[in-house]
Amino acid sequence: DGGITQSPKYLFRKEGQNVTLSCEQNLNHDAMYWYRQDPGQGLRLIYYSQIVNDFQKGDIAEGYSVSREKKESFPLTVTSAQKNPTAFYLCASSWASGRKGYEQFFGPGTRLTVL
Amino acid sequence: SQQGEEDPQALSIQEGENATMNCSYKTSINNLQWYRQNSGRGLVHLILIRSNEREKHSGRLRVTLDTSKKSSSLLITASRAADTASYFCATLSGYSTLTFGKGTMLLVSP
């Protein structure tokens, strides 16, 4: 069953704690992305990666970090430096980004709440 | 910054009616994509239209693109209650990543 998975579905964090969101895909996609969605808003790009061991900042990277050690995995760490981390986080993957086309496939999302 | 802007922000119709959503953007694009998001879920890709295409169909979906006006429309014909969702347009410019709009919330009442 191919697809993209995110875990956990819901996550609660105390202020000052770092937390890591998991994203895994078995679609053999080259590119992976992390987005943040706030209520009633569109998606804003946090980080993206086109190949293993390489990633680029998106529009709102401050307070976040990522790694891409394996093609299948692109975890996102929300650090204590992120001032307003409560949001819905979406991971996506696609064939190589920057090409003319290539739809993105999305995971089910992780809802992070800071207490 | 968000390039695509959907209009209207919200749309409420009855089952069987058609739903039309519009998307405007600011810079030249390689392609424009439409996605659907059910409440609290991930996005699902609906259709992609390239900058050299003017119209595309997929089932009950019809997408048009007018690059001179920098706008696109998504038409859903014979709407069903299951079409209730938020719909986003996303644009790809140059070799950058997708830029999403804020979406149109569609409510289809039985």
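Residues numbered from 1 in each chain as written. Chains lettered and ligands numbered in written order. Predicted model: local features only at pLDDT ≥ 70, side-chain atom pairs only at ≥ 80, totals over all residues. Heavy atoms only, no water.

1. As for the overall build of chain A
Point 1. In terms of helices and strands, chain A carries 0 helices and 11 strands.
Point 2. Along the chain direction, N to C, the helices and strands of chain A fall in the order β-β-β-β-β-β-β-β-β-β-β.
Point 3. For chain A, whose C-alpha radius of gyration is 13 Å, the value lies close to the compact-globule estimate of 13 Å for 115 residues.
Point 4. Along the three orthogonal principal directions, the C-alpha set of chain A runs to about 40 × 30 × 30 Å. (Helix = DSSP H or I, 4+ residues; strand = E, 2+ residues; numbered from the N terminus. Rg over C-alpha atoms; globule rule 2.2 N^0.38 Å.)

2. Some thoughts on the side chain of Arg36(A)
All names here are of chain A.
Point 1. One can find Arg36 in strand β4 (residues 31-37).
Point 2. Residue classification places Arg36 among the buried positions, given a relative accessible area of 4%.
Point 3. There is a polar contact of 2.9 Å between the side chain of Arg36 and the side chain of Tyr64.
Point 4. Looking at Arg36, its side chain comes within polar contact range of the main-chain oxygen of Asn84, at 2.6 Å. (Buried < 20%, exposed > 50% of the residue type's maximum accessible area, 1.4 Å probe, protein only. Polar contact = N/O pair within 3.5 Å; in protein donor to acceptor, adjacent residues only side chain to side chain.)

3. Side note on the sheet that holds strand β7 (residues 61-66) of chain B
Residue and element names in this part refer to chain B.
Point 1. If you walk across this open sheet you meet the 5 strands as β1-β3-β8-β7-β6, and the pairing is antiparallel. Sheet topology places β1 (5-7) and β6 (55-58) at the edges, where each strand pairs with a single neighbour. When strand polarity is set aside, the average angle formed by the axes of neighbouring strands in this sheet is 20 degrees. (Pairing = 2+ DSSP bridges. Axes fitted to C-alpha atoms, helices over the stretch in contact; angles between N-to-C directions.)

4. A few points about the interface of chain A and chain B
Point 1. Each partner contributes residues to the interface: chain A has 24 residues there, and chain B has 24 residues.
Point 2. Across the interface of chain A and chain B, roughly 1,700 Å² is buried in total on both sides, 54% from carbon and sulfur atoms.
Point 3. Here chain A and chain B share 2 residue pairs in polar contact (both at pLDDT 80 or more) between them.
Point 4. Mapped by element, the contributors of at least two residues to the side of chain A that touches chain B are β4, β5 (43-51) and β9 (87-94) of chain A.
Point 5. Per element, the largest residue contribution to the side of chain A that touches chain B is 4 residues, and it comes from β5(A).
Point 6. Taken together, the residues of the side of chain A that touches chain B sort by class into 10 nonpolar, 8 polar and 6 charged. (Contact = heavy atoms within 4.5 Å. Buried area = accessible area lost by both parts, 1.4 Å probe. Nonpolar A, V, L, I, M, F, W, Y, C, P; charged D, E, K, R; others polar.)

5. Side note on the pattern of salt bridges
Residues and elements named next belong to chain B.
Point 1. Within this structure, the stated rule accounts for 6 salt bridges over all chains.
Point 2. For Arg62, the salt bridge is made with Glu55, and the minimal N-O distance between the two is 3.2 Å.
Point 3. Exposure remark for Arg62: the relative accessible area of 31% places this residue in the partly exposed category.
Point 4. A salt bridge links Arg60 to Asp83; its shortest N-O distance comes to 2.9 Å. Of this pair, Arg60 sits in the loop between β6 and β7 while Asp83 sits in the loop between β8 (71-76) and β9 (85-92); the two residues are 23 residues apart in sequence, bridging distant segments of the chain.
Point 5. Taking the relative accessible area as the measure of exposure, Arg60 reaches 22% and is therefore partly exposed. (Salt bridge = Lys/Arg side-chain N within 4 Å of Asp/Glu carboxyl O.)

6. Quick word on unusual backbone geometry
Negative phi is the rule for most residues except glycine; trans is the rule for most peptide bonds.
Point 1. For the bond from Ser7(A) to Pro8(A), the omega torsion is -5 degrees, close enough to zero to count as cis.
Point 2. The residue Pro8(A) is located in the loop between β1 (4-7) and β2 (10-13) in this model.
Point 3. A positive phi angle, close to 65 degrees, is found at Asn53(A), a residue other than glycine.
Point 4. Phi is positive for Ala78(B), which is not a glycine, with a value near 50 degrees.

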